[in-house]
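# Geometric and topological summary
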Amino acid sequence: MSKSNENIIVAEDLSISYDLHRERKKLIALQNISLEIKKGEFVVLVGPSGCGKTSFINAISGLIPKSGGSVKVRDVEVTAPGPDRAMVFQDYALLPWRTVEANIRLPYELQNLGLSEEEKQARVKNALELVDLVGFEKSFPYELSGGMKQRVGIARALATNPDILLADEPFAAIDAMTREAMQAEMERIVMETGQTCVFITHSIDEAILLGDRVVVISYRPGQIKEIVDVDFPRPRMSNSEVKISKKYAELRDHIWNLVKDEAMQTTRGE
Amino acid sequence: MAKVSDQIKYETDDPNRIQDVGWTLKEIWRRTRGIVVTSINLIIFFILWELATTYGNINSLFLPKASAMFQELWVGMTTRAPEGAVFSGSILDHFLHSFKNLMTGLAIACAIGIPGGLLMGGNKYIESILSPYVWALASLPRIALVPLFILFLGFTTTMQVTIIVLSAVFPIIINAWAGVKTTEKSLLAAAKVFGANRTQLYYKVVLPYTLPFIISGIQQGIGRGLIGVVIAELFGGSNGLGYLIQRSADTFNTAMTFAVLLLLIVMSLSLINFTRWLEAKVAPWRNVNHL
Ligand SMILES: Nc1ncnc2c1ncn2[C@@H]1O[C@H](COP(=O)(O)OP(=O)(O)OP(=O)(O)O)[C@@H](O)[C@H]1O
Ligand SMILES: [Mg+2]
């Protein structure tokens, strides 16, 4: 892994809250999150539904304001989105009136990445091949299945070749086989390009296979419960030893228990 | 670059995935059944009407024969009034007058309503300043304003067009406004993440999202505008389809009255179907009928 010692994302005592106008209250989604992410690192966030994972990466992307503390990217306080950060959205967020290709090209129209037309075409083609949607360039999102839409969202983010990739459950709607292949691709891309990745998932296997660190977030208010280091050598996806190792089972068990405690609280409605 | 498909086989690899359905009888029927059923339905309706008025004991002053109505319509649409006539008995003359007014009114209503609605959706201050007036005027039955506008403008075409504009403009404003307000937040978020500034957010997301709303606004505007046309002409004026209805009823020419009513129905349905078609054309994602 091309992990360096240089911090690229630093969250300090970060809190995020939402106004609930109807009830004249505010909901604290995340409280006092402090996390340092190194350049080239692959950080996976896990935690029960509604614990604030999406809120956290939205704060890194600059989409939502913070209510306390700070998030810095390369020592600069985040106030708005920037071309160094791309995002894969949990709900795909594809423009329904644009074809697959036009959706992937959207970032090129919105910002000047200094790319030539050939370069753009090559990148779009690459991204389409990567998510295996060649032949669907001219399809509209409403003609695609959920998993295919999600893959378009992934292609759109990858085509910008960002320094930081924020991925919100990018493989959630994708079938197990495709998912495994995409995980391998994701690992390879991140290794090759030295991208920093903040990745949200509900799958503990995915978290261990992809993450250098797995951050377990607790429920209400969302706080960091534990950070689990995963130090299997890479590439892991193609290494069948990893999944059957004793360490893997232990890690899996450990994270599972951490998340389970939280999930139990969720269902009890605390 | 290693493709995912090198590792597993996909649906996209199957050349038979998209098959040619061809023209089966079933497919032809599926596409034409609407028109066929409606035509048969209407033919039966008019035949029954004709039979009832021919053999039944119905006063033709109240219900003319269907054939008489069609005859009036045909004659009225194929003749023009002679040069310099004071009153035209030609339906076509009155139709052209009404249609021109309707189109002028709709054009003005769009010119005011679309930017107005977009501004109200896009700017909180404009919204809070204008919304009470919009709601007040939108909820006021427009017919109540006719006497006032006759007072202001007399029995003129300007008065008629004004009534049409007032009838049609509010659904257009309100729909455009709602379109902007309901633009999906996640689409805005995606555009922002990938670098959209404020102007780009409007051009690349809000406007395309709002376009089908604007078209349904125009569609409602056509319906309302047509009411405006007839009302304005019924109340004041010496031409137009509304006036012709009044006049033909006054002169006991019921066949003519029915002919004009039929023409109004056809005109309204054509315009509304045109906007439906337009909506399906510009926003195919809005009516996906898989479920
Ligand atoms: N726009 C909003 N307005 C009000 N509350 C919000 C808003 N967005 C999120 N929340 C609340 O903040 C909390 C955290 O939401 P968030 O979407 O970050 O959770 P999450 O961890 O991503 O959940 P999931 O795994 O289900 O995607 C939730 O309790 C949610 O109700
Ligand atoms: Mg989420």
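Above this note sits the structure.
Residues numbered from 1 in each chain as written. Chains lettered and ligands numbered in written order. Predicted model: local features only at pLDDT ≥ 70, side-chain atom pairs only at ≥ 80, totals over all residues. Heavy atoms only, no water.

### Some thoughts on the site of ligand 1
Residues and elements named next belong to chain A. By nearness alone, 14 residues border ligand 1, and Ser49, Gly50, Lys53, Thr54 and Ser55 come closest of all. In the model, an oxygen atom of ligand 1 is placed 2.8 Å from a nitrogen or oxygen of the Gly50 main chain. Within the side chain of Gln90, one N or O atom sits 2.8 Å away from an oxygen atom of ligand 1. Contact with the protein chains hides 67% of the accessible area of ligand 1, taken as 630 Å² for the molecule alone. The biggest single contributor to the shell around ligand 1 is helix H1 (residues 53-61), with three residues. Looking at side-chain class alone, the shell around ligand 1 contains four nonpolar, seven polar and three charged residues. (Near = heavy atom within 4 Å. Polar contact = N/O pair within 3.5 Å; in protein donor to acceptor, adjacent residues only side chain to side chain. Areas by Shrake-Rupley, 256 points an atom, 1.4 Å probe, with all protein chains shown as cover. Helix = DSSP H or I, 4+ residues; strand = E, 2+ residues; numbered from the N terminus. Nonpolar A, V, L, I, M, F, W, Y, C, P; charged D, E, K, R; others polar.)

### Side note on the interface of chain B and chain A
Many authors give the size of an interface as the accessible area that is lost as the parts come together. The interface of chain B with chain A comprises 29 residues on the first partner and 37 residues on the second. Each partner contributes to the roughly 3000 Å² buried at the junction of chain B and chain A, and carbon and sulfur atoms together form 69% of this total. Taking the shortest distance from any N to any O, the salt bridge between Lys204(B) and Glu109(A) comes out at 2.8 Å. At the junction of chain B with chain A, the criterion picks out four residue pairs in polar contact (both at pLDDT 80 or more). Contributions of two or more residues to the side of chain B that touches chain A are made by helix H7 (185-193) and helix H8 (198-235) of chain B. The element that contributes the greatest number of residues to the side of chain B that touches chain A is H7(B), accounting for seven residues. Across the side of chain B that touches chain A, the residue classes tally to 18 nonpolar, six polar and five charged. (Contact = heavy atoms within 4.5 Å. Buried area = accessible area lost by both parts, 1.4 Å probe. Salt bridge = Lys/Arg side-chain N within 4 Å of Asp/Glu carboxyl O.)

So far we have only geometry, and geometry alone does not tell us how the molecule works.
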